[in-house]
4 protein chains.
Amino acid sequence: MPDAGTNRRRADAARNIAALLDAASAAFVQAGVEAPVRDIAARAGVGVGTIYRHFPTRADLVVAVYRHQVDALAASADVLLGSATSPSAALDAWIDGFVDFLVTKHGLAGALRSGDPGLEALHAYFLDELVPACARILDAARTAGQTTTDVSAYQLMRAVGNLCIGAENDERYDARSVVALLLRGLRYAAP
Amino acid sequence: MPDAGTNRRRADAARNIAALLDAASAAFVQAGVEAPVRDIAARAGVGVGTIYRHFPTRADLVVAVYRHQVDALAASADVLLGSATSPSAALDAWIDGFVDFLVTKHGLAGALRSGDPGLEALHAYFLDELVPACARILDAARTAGQTTTDVSAYQLMRAVGNLCIGAENDERYDARSVVALLLRGLRYAAP
Amino acid sequence: MPDAGTNRRRADAARNIAALLDAASAAFVQAGVEAPVRDIAARAGVGVGTIYRHFPTRADLVVAVYRHQVDALAASADVLLGSATSPSAALDAWIDGFVDFLVTKHGLAGALRSGDPGLEALHAYFLDELVPACARILDAARTAGQTTTDVSAYQLMRAVGNLCIGAENDERYDARSVVALLLRGLRYAAP
Amino acid sequence: MPDAGTNRRRADAARNIAALLDAASAAFVQAGVEAPVRDIAARAGVGVGTIYRHFPTRADLVVAVYRHQVDALAASADVLLGSATSPSAALDAWIDGFVDFLVTKHGLAGALRSGDPGLEALHAYFLDELVPACARILDAARTAGQTTTDVSAYQLMRAVGNLCIGAENDERYDARSVVALLLRGLRYAAP
DNA sequence: GATGAATGAGCTTTCATTCAT
DNA sequence: GATGAATGAAAGCTCATTCAT
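Counting restarts for each chain: residues are numbered from 1 in the order of the written sequence. Working convention: letters from A go to chains and numbers from 1 go to ligands, in the order in which they are written. Per-residue local features of the predicted model are confined to residues with pLDDT of at least 70, and side-chain atom pairs are confined, for both listing and counting, to 80 or more; whole-chain, interface and lining totals are unaffected and use all residues. No hydrogens and no water enter the side-chain calculation; it runs on all heavy atoms of the structure.

> An account of the side chain of Asp170 of chain A is requested, with residue identities and associated values reported.
In this structure, Asp170 of chain A sits in the loop between helix H8 (153-163) and helix H9 (175-187). Side-chain atoms alone can form a polar contact between residues adjacent in sequence; in general such a contact is a pair of N or O atoms within 3.5 Å, and within protein one must be able to donate a hydrogen while the other accepts it. Engagement of the side chain of Asp170 of chain A in a polar contact is seen with the backbone nitrogen of Arg172 of chain A, the distance being 2.9 Å. Every residue in contact with Asp170 of chain A, bar those within four places of it in the chain, is listed here: Tyr154 and Arg158 of chain B. The numbering of helices and of strands both runs from the N terminus, where a helix is a DSSP run of H or I of at least 4 residues and a strand a run of E of at least 2. Contact criterion: two residues are considered in contact whenever any of their non-hydrogen atoms come within 4.5 Å of each other.

> Provide a residue-level description of the interface of chain A and chain B, including the pertinent values.
Taken together, the contacts link 28 residues of chain A with 28 residues of chain B. Summed over both partners, the accessible area (1.4 Å probe) lost when two parts come together is defined as the buried area. For chain A, the biggest contributors to the area lost against chain B are Gln155, Arg172 and Leu181 of chain A; these three give 23% of the whole. Whenever a carboxyl oxygen of Asp or Glu lies within 4 Å of a side-chain nitrogen of Lys or Arg, that contact is scored as a salt bridge. Residue Arg158 of chain A is joined to Asp170 of chain B by a salt bridge in which the shortest nitrogen-to-oxygen separation is 3.1 Å. Where chain A touches chain B, the interface holds eleven residue pairs in polar contact (both at pLDDT 80 or more). Broken down by secondary-structure element, the contributors of at least two residues to the side of chain A that touches chain B are H8 and H9 of chain A. At seven residues, H9 of chain A tops the list of elements feeding residues into the side of chain A that touches chain B. Residues are sorted three ways: Asp, Glu, Lys and Arg are charged, Ala, Val, Leu, Ile, Met, Phe, Trp, Tyr, Cys and Pro are nonpolar, and all the rest, Gly among them, are polar. Grouping the amino acids of the side of chain A that touches chain B by side-chain chemistry returns 16 nonpolar, six polar and six charged.

> An account of the environment of Phe98 of chain B is requested, with residue identities and associated values reported.
All names here are of chain B. With respect to the helices and strands, the residue Phe98 is situated in helix H5 (residues 87-104). Only protein chains enter the accessibility calculation, which uses a 1.4 Å probe; a residue whose area is less than 20% of its type maximum is buried, one above 50% is exposed, and one in between is partly exposed. Looking at Phe98, the relative accessible area reads 6%, which means it is buried. As for Phe98 and Ala175, which are separated by 77 residues in sequence, their C-alpha atoms are 12 Å apart. Not counting residues up to four positions away in its chain, the partners in contact with Phe98 are Leu73, Leu130, Met157, Val160 and Gly161.

> Talk me through helix H4 (residues 58-83) of chain B; I want residue IDs and the actual numbers.
Think of an α-helix as turning once every 3.6 residues; residues three or four places apart then point the same way. Residue and element names in this part refer to chain B. Helix span, expected: 1.5 Å multiplied by one less than the number of residues in the helix. The terminal C-alpha atoms of H4 lie 37 Å apart, and with 26 residues this matches the ideal 38 Å at 1.5 Å per residue to within 8%. At Arg67, H4 shows its maximal bend, which comes to roughly 55°. Three or more residues of H4 are buried, namely Ala59, Leu61, Val62, Val63, Val65, Tyr66, Val70, Leu73, Ala74, Ala77 and Leu80. Bending is quantified residue by residue as the angle between axes fitted to the seven-residue window ending at that residue and the seven-residue window starting at it.

> Describe the relation of the copies chain A and chain B, naming the residues involved and giving the relevant values.
Two copies of one chain are present, and they are related through a rotation about an axis combined with an axial shift. The copies were overlaid by least squares, fitting only the C-alpha atoms of residues that reach a pLDDT of 70 or more in each copy. Expressed as a screw transformation, the operator carrying chain A onto chain B has a rotation angle of 177° and an axial translation of 0.0 Å, and the superposed copies differ by an RMSD of 0.6 Å. Overall, the copies show the geometry of a two-fold rotation axis. Of all interface residues in chain A, 100% are interface residues in chain B too; the two copies therefore contact each other through one and the same surface.

> Can you explain the nonpolar core? Please cite residues and give values.
Grouping buried Ala, Val, Leu, Ile, Met, Phe, Trp, Tyr and Cys residues that are joined through side-chain atoms within 4.5 Å yields what is termed a nonpolar core. In this structure, Trp94 of chain A together with Trp94 of chain B are the most contacted members of the largest nonpolar core, which totals 129 residues. Looking at this core, the element that brings in the most residues is helix H4 (residues 58-83) of chain A, giving twelve residues. In contact with Trp94 of chain A, not counting residues within four places along its chain, are Leu73, Ser76, Ala77, Leu80, Leu130, Ala133, Cys134, Ile137 and Met157 of chain A. Formed by 125 residues, the second largest nonpolar core is a distinct cluster that contains Phe101 and Ala153 of chain C together with Phe98 and Leu108 of chain D.

> How would you explain the packing of aromatic side chains if you had to name every residue and give the values?
A pair of aromatic rings is counted whenever rings of Phe, Tyr or Trp (Trp by its six-membered ring) have centres within 6.5 Å, and the orientation is called stacked for planes under 30 degrees apart, edge-to-face for over 60 and tilted otherwise. Applying the stated rule across the entire model yields 20 aromatic pairs over all chains. Judged by centre distance (6.2 Å) and plane angle (90°), the ring pair of Tyr125 of chain A and Phe126 of chain A falls under edge-to-face. Residues Trp94 of chain C and Phe98 of chain C carry aromatic rings whose centres are separated by 6.0 Å and whose planes lie at 20° to one another, so their mutual orientation is stacked. Note that Trp94 of chain C and Phe98 of chain C are positioned in helix H5 (residues 87-104) at a spacing of four residues, about one turn of the helix. The burial state of Trp94 of chain C is the same as that of Phe98 of chain C; both residues are buried. Each residue in the set Phe28, Tyr66, Phe101, Tyr125 and Phe126 of chain A is aromatic and connected to the rest through ring pairs, giving one cluster. The residue whose ring lies beneath Arg172 of chain A is Tyr154 of chain B, and the NZ or CZ to ring-centre distance is 3.9 Å. Two conditions define a charge sitting above a ring: the NZ of Lys or the CZ of Arg must be within 6 Å of the ring centre, and it must be within 35 degrees of the ring normal.

So this is what it looks like as structure tokens:
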């Protein structure tokens, strides 16, 4: 049973972690997920060492920052399958949520594709969570005859993720339009 | 003949430039278009100063590396419109060539979206060359009633470009499949 | 007492800063105030980053190196006005101290005139501190009728500063002699 | 007896040298005597190699650029001694001409004191020419009882040269005023 | 003789990461 | 546990100088 000092310490650590996640989230929006470690530490009002203690690699930090939203998105798949008028509509809605997530988090989509080996773990986490969710909807749509595509859930997610890259800074490019095109193509896939 | 010396010298310089373009091309494949200047110089067996002499900015170098292929692609638009069985088929073929280009040049698609201001000139060059070419085919397809989409040539190219990002390192992701999906969606655009 | 760690750390940093100031001082003597950052760091046995941390610009470092002496010189003006037999004698003594300072710090006088924009701050600091001090003595001398010159304190300091340039490397040139000449001219200014 | 080709070549070379001196002179005014070799070559419309052929060291070039004026100044000493109303007036006039020279040639005074070993030859040339000239006037003044100073011609020239450093860029500093002060001090030197 | 392409040392600056306190 | 000073590898860029043509 931990004594009071330990509890105090743990409470402090928890507060630090929370501050860190907030700071990192803000920094990622403004400067991308490659934001300098120092900047994040400064925003959070902690030393850089504290970041390294709690999040040894950058990927650990990024994963932590987006974990909640990723989990919510994964969970929403089954909800949508239950509530939407059709599997196809559920897919549209779910992808819409995915685009929301990526477009809001400036630079996240790009970071996932940056090729930086240090971000591999991040990549893996996203895939592990989201691909199965997407696959469930896709299978339902296939079973319902609403698509004949053989494109995998993984491929679909990668495609949508890619389409969102750079969408924040470019007024002439609307990620949603082209994602809609892609989904239409999915519905009318070759017999 | 006073030009002899000049020409001879130019021949040497030309050889260096060629070596540089080869080296840069290789470096771009392995390390992306942000490959360190020093590394490129070393590969080419020249000093860094030589790079700066011929290509003052990184964009100059990247443009030079890809210029031929970009020009050829731009020129192929009209050829395809004349030879293909339909504007729609011409579009498919042209986009196919575009995908070829991007997938082969590892990291180029990503670089075009890196947001680095120093690569703006590069971005502009690609757009200036390719968007009009794409627009001509898209217009022909529209006139022929083979698509009703209002997606701009710019958006289409950006979308295809994005879909190609990271395709070379990922066995589970096939850019051509999803590009095909996108083009199918284009054909069956909302009435 | 939570400050212990902080203080201890500060003691270390202070030692580094001191080493840095010593090293910079020595480097300035040998290679001028434009001495390479690397060299200074090496002399001090620290990494270059440490210099940038404590002294973001070169001017910051130079100012720090000479701050004490500049401050002491500025403060000595009033002391001398109180203790010397006349304002004129005070001026002689103060200028003597100024020459001491400049001649000892090899290359400083030259650096102040190098025109390097990065050294502007340094220049400003020296002027802000010393010109008012000099002006007080000059005014006192004028009030006492010991000079009728209309040369400003700024001009006088610039002149003396210039006269000290290069004095340390030249056996045939004695800055004090010519400064004495200048001060004599000041006393016997045109009737 | 040189053949026509040789003459042609010599004529070309002479033209190049002239262009080079003009270009260097202009460059020195704008960027100081440390102006980049390339810039000077470009101004002159020649290759950098041509500069190195004719002026192996920077000092050679600087000396060549100012040789005419230095010679004229040296020669003017005896003229002034003959024409001026007194040796003292001749000294004033000669120093005035020296100041003219230094203040017009931006940065020259500073360059002479830069400590750059490559400029030693330059320094020597100036001294060899001008110190004897100055000494002749100074001796005459001494003989006429118009000064009792024991300051050497070398020291006087160095002092005046120093007083001119940086005078071009500083509205608050007037080299002539302080040079006048120095000369006044010279006249009223201690008995 | 002239050219200017090439070289590469040398400088500044940034930042991820470590570790003494 | 937390801190942030220190480190030093990396990278970009600039010229003075050489030398093949």
